[in-house]
Amino acid sequence: MPFIKWDDKYLIGFNIIDDAQKKFVAGVNELHDAVKANRGNEVFIRFIYWLADYVSKSLKHEENIMEQHGYPDIDVHISEHEMFTREINDYFFDFETGVKLHVDEILEFLEKWVKSHLMEFDQEFGAFLVAKGVVPRFKKLL
Ligand SMILES: [Fe+2]
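Being a predicted model, the structure only gives us computed values, none of them experimental.

Engineer: Give me the lowdown on the overall build of the chain, citing residues and values where you can.
Structural biologist: Regarding its fold elements, the chain presents four helices and zero strands. Going from the N terminus to the C terminus, the chain shows its helices and strands as α-α-α-α. When burial is assessed residue by residue, the chain has 20% of its 142 residues classed as buried. Taking as baseline every contact in the chain between residues at least 6 positions apart, the subset at least 24 positions apart corresponds to 71%.

Engineer: Quick one: what's the story with the nonpolar core, residue by residue and with numbers?
Structural biologist: Core analysis: the biggest nonpolar cluster contains 14 residues, and Val28 and Leu51 have the highest contact counts within it. Only α1 (15–36), α2 (40–68), α3 (74–96) and α4 (103–131) provide two or more residues apiece to this core. Sort the elements by how many residues they give to this core and α2 lands first, with five residues. Apart from the residues lying within four places of it in its own chain, the contact partners of Val28 are Phe3, Ile4, Leu107 and Leu110. Residues Tyr10, Ile12, Leu118 and Phe125 belong to the second largest nonpolar core, which totals eight residues.

Engineer: Could you give an account of unusual backbone geometry, naming the residues involved and the relevant values?
Structural biologist: The phi dihedral of Asn38 is positive, around 60°, even though this residue is not glycine. Its location among the elements puts Asn38 in the loop between α1 and α2. Judged by the 8 C-beta atoms lying within 10 Å of it, Asn38 falls in the exposed class.

Parameters at a glance
- Residues numbered from 1 in each chain as written.
- Predicted model: local features only at pLDDT ≥ 70, side-chain atom pairs only at ≥ 80, totals over all residues.
- Helix = DSSP H or I, 4+ residues; strand = E, 2+ residues; numbered from the N terminus.
- Buried ≥ 20, exposed ≤ 12 C-beta atoms within 10 Å, placed from the backbone.
- Contact = placed C-beta atoms within 7 Å.
- Core = buried A, V, L, I, M, F, W, Y, C linked by C-beta atoms within 7 Å.

In structure tokens, the structure reads:
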């Protein structure tokens, strides 16, 4: 049983964002499994670099799509991304400077992000894209 069970309810219908979210959930699950198998350190190093890259590219990409389509709640959404990015950057900084990290705490934070941000904020954006006809309504039929 994965730590975070992927559910198609997380989809917003915009492929490039959906692919990034799926990879994000898969990465968090891989880290969780590695921690349980006492391979946490090895996987964490890869994961933290990937995560730093994810926040700097994928979230920005999402924001660009919002801007492009005139999403009215863009400011609130971006400030959520910024809060998340700050936290990840802090973890990354601690990692780079040799501060001991608590992986369980990080996993909990990432799980919360999926349940709150992907489920609420990204879904609202997805509904906007559907209403505007930018993406099809296919995800609701799954
Ligand atoms: Fe978002």
